[in-house]
Amino acid sequence: MLDPAGKLPKAPGMSVAQLTIDLAAVVANWRALDRAGSAETGAVVKADAYGLGIDDVGPALAKAGARHFFVAAAEEGVALRRALGPGPVIYVFSGHMAGDADVIRTAALVPLINSVDQLLCHVESLPGHPFGVQLDSGMNRLGMEPSEWAALRDLALAQKPELIMSHLACADEPKHPMNTQQLNTFLGMTQDVDVPRSLAATGGILLGPAYHFELTRPGVGLYGGLPFVDAVPVVTLDIPVIQTREVQVGESVGYGNAFVADRVTKVATIAAGYADGLIRAMGPRAALTAEGVKVPVIGRVSMDMLTVDITDVAGEPESLQMLGAHQSVDTVAEYAGTIGYEVLTSLGARYKRTYVPHT
Ligand SMILES: *Cc1c(COP(=O)(O)O)cnc(C)c1O
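Everything numeric in this text was worked out from a predicted model, so none of it was measured. For every chain, the first residue of the written sequence is number 1, and numbering continues from 1 along that sequence. Only residues with pLDDT of 70 or above have their local features reported here, since the model is predicted, and side-chain atom pairs are shown and tallied only from 80 upward, although totals for entire chains, interfaces and linings are computed over all residues. Calculation of side-chain values draws on the structure's entire complement of heavy atoms; hydrogens and water are dropped beforehand.

### Observations concerning the overall build of the protein chain
Here is step 1 of the chain: A helix here means a DSSP run of H or I that spans at least four residues, while a strand means a run of E at least two residues long, and both kinds are numbered starting from the N terminus. Scanning the protein chain from N- to C-terminus turns up 11 helices and 19 strands.
Here is step 2 of the chain: With the C-alpha coordinates aligned to their principal axes, the bounding extent of the protein chain is approximately 75 × 60 × 40 Å.
Here is step 3 of the chain: For the protein chain, the proportion of its 359 residues judged to be buried stands at 50%.
Here is step 4 of the chain: For the area figures, the Shrake-Rupley method with a 1.4 Å probe applies, and any residue is considered shielded solely by the protein chains shown. Of the roughly 16800 Å² of accessible surface on the protein chain, a fraction of 54% belongs to carbon and sulfur atoms.
Here is step 5 of the chain: Computing the positive centroid from 26 side-chain charges and the negative centroid from 38, the protein chain places the two 4 Å apart. When accessible area is computed with a 1.4 Å probe and restricted to protein chains, residues below 20% of their type maximum are described as buried, those above 50% as exposed, and intermediate ones as partly exposed. Residues scored as charged are limited to Lys and Arg (positive) and Asp and Glu (negative), so that His and the chain ends carry no count. A single reference atom marks each charge: NZ on Lys, CZ on Arg, CG on Asp, CD on Glu.

Laid out in structure tokens, this is it:
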């Protein structure tokens with residue numbers, strides 16, 4: 001045996017990046033979105049709470065008063081039920097998929113039924129079990145279309161759904177005509193229906209009360225991302241410096257000699273790369289900060305490392321910051337030509353994670 005005396009260290013040292021997740025900030029963002037209107041405010045915690053950890057984020061939001069949670073798949077609902085215990089409502093966006101009945105029953109999940117087939121499957125396998133209805137108001141992704149809903153409406157309503165919802169395609173662009181078009185379609189499809197309704201995610205909440213109905217479903221805004229411009233930052237990512245060196249004029253750095261020094265350059269090699277979700281495509285457009293001073297990435301992003309020009313930084317920094325007060329998830333997303341959602345859900349499994357509690 002390699003470690004007969006059990007002497008291998010269990011706790012990580014200083015060699016991996018430190019990801020700090022501020023649960024008090026998540027709660028502050030939830031409360032701010034809750035104050036935007038009079039609707040009840042839910043919480044979308046699919047994809048492991050956008051990569052931040054459902055076991056910690058879920059209970060923090062429940063403690064703050066969230067009573068309606070949304071996940072993408074029934075399996076995620078099971079993990080959330082384990083974290084929350086009985087009580088809060090857990091909706092599943094993918095609805096009732098074949099083979100899910102046991103999981104939906106035992107974890108007391110509420111599938112958001114999106115087709116005739118799903119409705120039949122649900123009432124046959126779990127008669128009397130709560131469900132919601134997902135309508136397609138124009139996004140053409142999930143949900144029943146107006147003609148399908150018209151044919152099914154009386155049958156579905158007779159089974160007493162808990163919620164009727166739809167999703168906006170362009171809510172992050174307040175002036176987009178698609179927003180009012182979908183609102184009107186949703187209003188038409190739910191006219192004279194006495195069931196709580198939900199249309200707005202983060203972007204929809206910011207469009208104003210006409211979009212709120214009885215329940216809202218913010219996700220990214222809780223985690224500090226756009227389009228919630230007033231969000232409090234939630235994640236901080238500090239990456240330790242492994243080594244520094246001085247590179248002379250004409251010398252190159254990294255794979256493919258992608259960077260060539262045109263001045264004497266102090267280079268820091270830091271301990272995170274594309275295997276940690278620092279998207280390789282961001283390459284030399286990216287920057288980090290050292291005590292608030294912006295420092296550019298040079299050369300290519302490696303699997304486990306990045307090289308950074310710290311010539312303008314005094315002394316030897318122990319770590320550089322990728323995400324935090326000086327640089328948001330959306331700034332980093334822009335470096336990579338993507339959106340904050342993808343930066344969050346790509347955050348690496350290797351990071352040492354610390355949660356700032358919500359008290
Ligand atoms: C992901 C998702 C949300 C949350 O969206 P955000 O833009 O993150 O607030 C709400 N509703 C549905 C149907 C979703 O898929």
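Let us keep going from here.
### Description of the site of the ligand
Here is step 1 of the chain: In these notes, residues near a molecule or strand are those with any non-hydrogen atom within 4 Å of it. Around the ligand, a shell composed of 14 residues is seen, among which Lys46, Tyr50, Thr202, Val220 and Tyr341 lie nearest.
Here is step 2 of the chain: Here a polar contact is recorded for every N or O atom pair within 3.5 Å, except that within protein the pair must consist of a potential hydrogen donor and a potential acceptor, and residues adjacent in sequence are included only if both atoms are side-chain atoms. A distance of 2.5 Å is found between an oxygen atom of the ligand and a side-chain nitrogen or oxygen belonging to tyrosine 50.
Here is step 3 of the chain: In this structure, an oxygen atom belonging to the ligand sits 2.7 Å away from a main-chain N or O atom of valine 220.
Here is step 4 of the chain: Within the complex, the protein chains bury 91% of what would otherwise be the 390 Å² of accessible surface of the ligand.
Here is step 5 of the chain: Here the residues of the shell around the ligand are counted per class, giving 8 nonpolar, 3 polar and 3 charged. When residues are sorted by character, Ala, Val, Leu, Ile, Met, Phe, Trp, Tyr, Cys and Pro go into the nonpolar class, Asp, Glu, Lys and Arg into the charged class, and all the rest, Gly among them, into the polar class.

### Digging into the pattern of salt bridges
One side chain can pair with another of opposite charge once the charged atoms of both are near each other.
Here is step 1 of the chain: We count a salt bridge whenever a side-chain nitrogen from Lys or Arg sits within 4 Å of a carboxyl oxygen from Asp or Glu. Under the defined criterion, the tally for this structure stands at 5 salt bridges.
Here is step 2 of the chain: The shortest N-O distance in the salt bridge between arginine 105 and aspartate 102 comes to 3.5 Å. Placement of both arginine 105 and aspartate 102 in helix α5 (residues 101-106) is noted, with a separation of 3 residues, approximately one turn of the helix.
Here is step 3 of the chain: Notably, a salt bridge pairs aspartate 312 with arginine 263, separated by 3.5 Å at the nearest N-O pair. Here aspartate 312 is found in the loop between β17 (306-309) and β18 (319-323), whereas its partner arginine 263 is found in the loop between β13 (259-260) and β14 (265-270), with 49 residues between them in sequence.
Here is step 4 of the chain: Note on aspartate 312: relative accessible area 61%, which makes it exposed.
Here is step 5 of the chain: The exposure class assigned to arginine 263 is partly exposed, which follows from its relative accessible area of 34%.
Here is step 6 of the chain: Because the salt bridges share partners, they merge into one network encompassing Arg263, Asp309 and Asp312.

### Focus: the pairing of strand β1 (residues 18-22)
Here is step 1 of the chain: In this sheet, strand β19 (residues 352-356) lies alongside β1 in parallel orientation, the contact comprising 5 bridges. For isoleucine 21, the partnering residue across the bridge sits in β19 and is tyrosine 355.
Here is step 2 of the chain: Two strands qualify as a pair provided DSSP detects at least 2 bridges between them. For β1 and strand β11 (residues 235-247), the ladder comprises 4 bridges, and the chain directions are antiparallel. Bridged to leucine 19 within β11 is leucine 237.

### Considerations on the nonpolar core
Here is step 1 of the chain: Residues grouped as a nonpolar core are buried Ala, Val, Leu, Ile, Met, Phe, Trp, Tyr and Cys residues, joined through side-chain atoms within 4.5 Å. Among the nonpolar cores identified, the biggest contains 82 residues, and Val45, Leu61, Tyr223, Val235, Leu288, Leu320 and Met322 are the most heavily contacted of them.
Here is step 2 of the chain: In what follows, a contact means two residues having at least one pair of non-hydrogen atoms within 4.5 Å. Other than its neighbours up to four places away in sequence, methionine 322 contacts Leu237, Ile239, Leu278, Met282, Ala287, Leu288, Leu306, Gln327 and Val332.
Here is step 3 of the chain: One finds Phe131, Leu135, Ala156 and Phe186 within the second-largest nonpolar core, a separate group that totals 21 residues.

### Topic: the domain arrangement of the protein chain
Here is step 1 of the chain: Domain boundaries shown here were taken from an automatic or database domain assignment. Domain annotation for the protein chain reports domain 1 (37-223) and domain 2 (235-356).
Here is step 2 of the chain: Centre-to-centre, using C-alpha coordinates, domain 1 lies 38 Å away from domain 2.
Here is step 3 of the chain: Facing the 8 residues of domain 1 at the interface are 7 residues of domain 2.
Here is step 4 of the chain: Buried area is understood as the total, over both parts, of accessible area removed when two parts are fitted together, assessed with a 1.4 Å probe. For the pair domain 1 and domain 2, the summed buried area comes to about 720 Å², and 67% of that belongs to carbon and sulfur atoms.
Here is step 5 of the chain: Considering only the surface of domain 1 that becomes buried against domain 2, Tyr50, Leu52 and Val220 emerge as the three largest contributors, covering 58% of it.
Here is step 6 of the chain: Inspection of the region where domain 1 meets domain 2 yields 0 salt bridges.
Here is step 7 of the chain: The interface formed by domain 1 and domain 2 contains 2 residue pairs in polar contact (both at pLDDT 80 or more).

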